[in-house]
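# A structural walkthrough
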Protein chains: 2
Amino acid sequence: MLSLLDLRARIAAGTLTPAGAIDLCRAAIAAREPDLHALVTLDPAPAIPETGPLAGIAVGVKDIIDSAGLPSQMGSSIYAGWTPRGDAAVVSRLKQLGAIALAKTTTTAFASSDPTETVNPHDPGHTPGGSSAGSAAAVGAGMLPLALGTQTAGSVIRPASYCGCAAVKPSFRLIPTVGVKTYSWALDTVGLFAAGVADVAHALALVTGRPEIDGADSGSAPRIAVVRQDFAEAPEPEAEAALMRARQAAERAGARVSDLALPPELAQAWERHRIIQNYEGRLALAWEYDTQADALPPRVREHLDAGAAIEPAQYDDARRHGHHARRVLKGLFADYDAILTFSAPGSAPATLDSTGDPRFNQLWTLMGVPCVNVPVPGQSLPVGVQVIGRFGDDGRTLAVARIIEAALRG
Amino acid sequence: MLSLLDLRARIAAGTLTPAGAIDLCRAAIAAREPDLHALVTLDPAPAIPETGPLAGIAVGVKDIIDSAGLPSQMGSSIYAGWTPRGDAAVVSRLKQLGAIALAKTTTTAFASSDPTETVNPHDPGHTPGGSSAGSAAAVGAGMLPLALGTQTAGSVIRPASYCGCAAVKPSFRLIPTVGVKTYSWALDTVGLFAAGVADVAHALALVTGRPEIDGADSGSAPRIAVVRQDFAEAPEPEAEAALMRARQAAERAGARVSDLALPPELAQAWERHRIIQNYEGRLALAWEYDTQADALPPRVREHLDAGAAIEPAQYDDARRHGHHARRVLKGLFADYDAILTFSAPGSAPATLDSTGDPRFNQLWTLMGVPCVNVPVPGQSLPVGVQVIGRFGDDGRTLAVARIIEAALRG
């Protein structure tokens, strides 16, 4: 993979120019993209800033996120050729930092669950996950050092786990969603993919203008709760093995690790995630659903049909359960610095007909808390684990993820 | 003014067709618009549905809200001729109900505070208010029975007060903001303008699919707290007189009215409203600010300059004060069914160089609670009062507003 920090260090040292860093991406794209199908459009001749803390960093932008001059096609024929006027807020910010939006990356239609043409960079018979398929695959394949995704259920952490890269789904609205196609305004969260945890931490600190996120201290002996999410169907052996290895790595690194059974309020919120997602999706995509339903692929249409059948009172009840569970979770974090749990039910499924299952991600998206995927080396296909922190404590969450990542590698 | 309920009653009775109702609007527009300048674009030949609970209702859509086929020009040369692909969620919903988006209405640039060309329908030397200038003026002038606005500080309630129509700024996110240009994601709220409180209540119930909002019961003797917002500069005599008349009307209608001094947490939140607005505005409008600052008119540019100087920690502090104040306000509503306060500092200022002052609206936008403007008859220029309810209790808030409106008229 292309490490953002490594590229930036070489640029700072004068051994690589920003244009040279972009050329590295182009070469990797030329080699891998014909088989991977991770990119929708590529900027043929972007202006490359010479300065800025992200000069030389080529970013992949999920195709529901606006980038001026490139189409935003939402993974749907309904938006074929559609070109926005300006940049999404996060893209503007990246450009302000010197980065370039080199490519739009594939997304399932409207960031739902109908697969894209992208394949897993580690085995083309396996899904890269979704909905941020292209961003995860492009970073996992070493084509780009940074990519933007969004998560409404599990669309950042799960594809990162499947594609073997690091990713962060930050605290809710830490990165603005302005200029991002909405599916669920209560859930949609912009996230970042990069080679390692330090790379995503560095990028998140810059994007948010919050330097304290980068290199935050995890404490000498962080208190980590291992959570199995028993309310969801049991995971596969690969995910179990990854969680066990990460737990042992955390212990080796000096963390105080204990098991935690989540209180029932959290299971109750998890059960209601999809009510919020589908109800809001039906409203957010009203124009598409009302005027061009035939152009919607089957899974997103099924989700929107389900949304159309949800009464406002059910939605209100689901939102109340979410609010209540957030308070309960906040209380739990008085005793823990981070939660360690599954990123996905297993390695990437051996199919291109599904993007996998977000069941270990939905609760945390609804809670709005920061989540980090840490790749766990040593299995034939990538599997990651998920490190979760308290709302607004993205720096510490990334710091804990980083010591686990280091201990897993060491 | 054109009453939505009256038009619908005539259509239901067979004495008016939907096309006839639209013709009434066209005739009023032909008579008033040349002097008023409230409309940006007019759909020359919209398809007019024959059925649906809002068939025959022509809606004015603030020009930061997408309506398929009509440009969304944001009150800014940066978006001259810009046409969105589809409808905003609220516009789709209105069309689903049989309404038509007849016109886009003027907005200050990006719904900030640089005046539009629109004049007050009651006196062309006075501002109609802003930022939803065209929507308030079009309804106040009797050109349209329903219009959409947005409020980030005071952009729905204040222009309604100045233009003499009813309006509701509903609970935060009760109407989706999908397809609405973002200024502040924590504050932007879609609202409705119509002739009377019953008209806005009926429209809100339909738009949200929550029939209980319409005709909700205020109780036989609602408990109303009169709040003066002493933390803001004192209002003018016209606003004082309107509040006094509304208070007396509420008492005549059987309400139990008492004075309430708000606890200091609410003043502290009010003081921080603009920090949130400006900080988020700078991020939301990053593309415009970074690439076309010279095309921004002076006031929005000044607000964004201010936003650029706000540190994340100040913003976080402001958000925390907002959260805390919401909890305090929720507690206050244990003892009251509604708050009655000023809608604006006075009648519309005698100038076209300012859209007036949102200081009596900002707190309530930040609190996310439902606010209703009730016109108070009997002054030379319109003045309204503001009825405010607890979060999610839009029906009761509108019911209290309705009994005050009736008592003021009676």
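Residues numbered from 1 in each chain as written. Chains lettered and ligands numbered in written order. Predicted model: local features only at pLDDT ≥ 70, side-chain atom pairs only at ≥ 80, totals over all residues. Heavy atoms only, no water.

This next bit is on the overall build of chain A. When helices and strands are tallied, chain A shows 13 helices and 11 strands. Counting only C-alpha atoms and orienting by the principal axes, one finds that chain A spans roughly 55 × 55 × 40 Å. Put simply, 78% of the contacts in chain A that link residues at least 6 apart link residues at least 24 apart. Approximately 13,400 Å² of chain A is accessible, and the part contributed by carbon and sulfur atoms is 52%. Each charge sign in chain A was given a centre, from 35 positive and 42 negative side chains, and these centres are 5 Å apart. (Helix = DSSP H or I, 4+ residues; strand = E, 2+ residues; numbered from the N terminus. Contact = heavy atoms within 4.5 Å. Areas by Shrake-Rupley, 256 points an atom, 1.4 Å probe, with all protein chains shown as cover. Lys, Arg positive; Asp, Glu negative; His and termini not counted. Charge placed at Lys NZ, Arg CZ, Asp CG, Glu CD.)

Turning to the UniProt feature "domain: Amidase" (unreviewed entry) in chain A, a few remarks are in order. The sites that carry the UniProt feature "domain: Amidase" (unreviewed entry) are, in the present numbering, residues 50-398 of chain A. Its end C-alpha atoms 29 Å apart, residues 50-398 of chain A is made of 35% helix and 15% strand. (UniProt positions renumbered as here; feature names shortened; annotations may be inferred.)

Turning to the sheet that holds strand β9 (residues 338-342) of chain A, a few remarks are in order. Residues and elements named next belong to chain A. The 11 strands lie next to each other as β1-β3-β2-β4-β6-β5-β10-β11-β9-β7-β8, forming an open sheet whose pairing is mixed. Only two strands of the sheet have a single partner each, and these edge strands are β1 (39-42) and β8 (256-259). Across this sheet, the average inter-strand angle for adjacent strands is 25 degrees, counted without regard to direction. Direction of pairing for strand β2 (residues 58-62) relative to strand β4 (residues 146-151): parallel, over a ladder of 3 bridges. (Pairing = 2+ DSSP bridges. Axes fitted to C-alpha atoms, helices over the stretch in contact; angles between N-to-C directions.)

Further remarks concern the nonpolar core. Proteins that are soluble and globular tend to have nonpolar side chains buried together. Within the largest apolar cluster, 272 residues are counted, with the highest numbers of intra-cluster contacts made by V90(A), W364(A), V90(B) and W364(B). Beyond its immediate stretch of four places on either side in the chain, W364(B) contacts K169(B), V227(B), Q229(B), L262(B), L329(B), I339(B), T341(B), V369(B), C371(B), Q386(B) and I388(B). (Core = buried A, V, L, I, M, F, W, Y, C linked by side-chain atoms within 4.5 Å. Buried < 20%, exposed > 50% of the residue type's maximum accessible area, 1.4 Å probe, protein only.)

Next up on the list: the packing of aromatic side chains. Residue and element names in this part refer to chain A. A full pass over the atoms with the stated rule returns 11 aromatic pairs over all chains. With a centroid separation of 4.9 Å and an interplanar angle of 45 degrees, the aromatic rings of F231 and W270 are classed as tilted. With F231 in the loop between β7 (223-226) and α7 (237-252) and W270 in helix α8 (residues 264-284), this pair connects stretches of sequence that are 39 residues apart. What makes F231 partly exposed here is its relative accessible area of 23%. The class of W270 is buried, set by a relative accessible area of 16%. Centroid distance Y279 to Y315: 4.3 Å. Interplanar angle 15 degrees. Geometry classified as stacked. One end of the pair, Y279, is in helix α8; the other, Y315, is in helix α11 (residues 312-332), with 36 residues separating them in the sequence. (Phe/Tyr/Trp six-rings, centres within 6.5 Å; stacked < 30°, edge-to-face > 60°.)

Residues and elements named next belong to chain B. Read from one edge of the open sheet, 11 strands run β1-β3-β2-β4-β6-β5-β10-β11-β9-β7-β8, paired in mixed fashion. This sheet does not close on itself; its edge strands, each paired only once, are β1 (39-42) and β8 (256-259). Strand after strand, the sheet turns through a mean of 25 degrees between neighbouring axes, direction not considered. Where strand β5 (residues 166-169) meets strand β6 (residues 189-194), 3 bridges bridge the pair, whose relative direction is antiparallel. Looking at β6, one finds that A166 is bridged to A194.

Glancing now at the interface of chain B and chain A. The partner chain A presents 31 residues to the 31 residues of chain B that form the contact. Between chain B and chain A, the buried area comes to about 2,500 Å², and carbon and sulfur atoms account for 57% of it. The largest per-residue losses of area from chain B upon contact with chain A belong to W82(B), R85(B) and W287(B), which jointly make up 28% of the total buried on that side. The interface formed by chain B and chain A includes 2 salt bridges. Counting only elements with at least two residues in the side of chain B that touches chain A, the list comes to α3 (89-96), α8 (264-284), α9 (286-291) and α11 (312-332) of chain B. With 4 residues, the top contributor of residues to the side of chain B that touches chain A is α8(B). Looking at the side of chain B that touches chain A, its residues break down into 17 nonpolar, 7 polar and 7 charged. (Buried area = accessible area lost by both parts, 1.4 Å probe. Salt bridge = Lys/Arg side-chain N within 4 Å of Asp/Glu carboxyl O. Nonpolar A, V, L, I, M, F, W, Y, C, P; charged D, E, K, R; others polar.)

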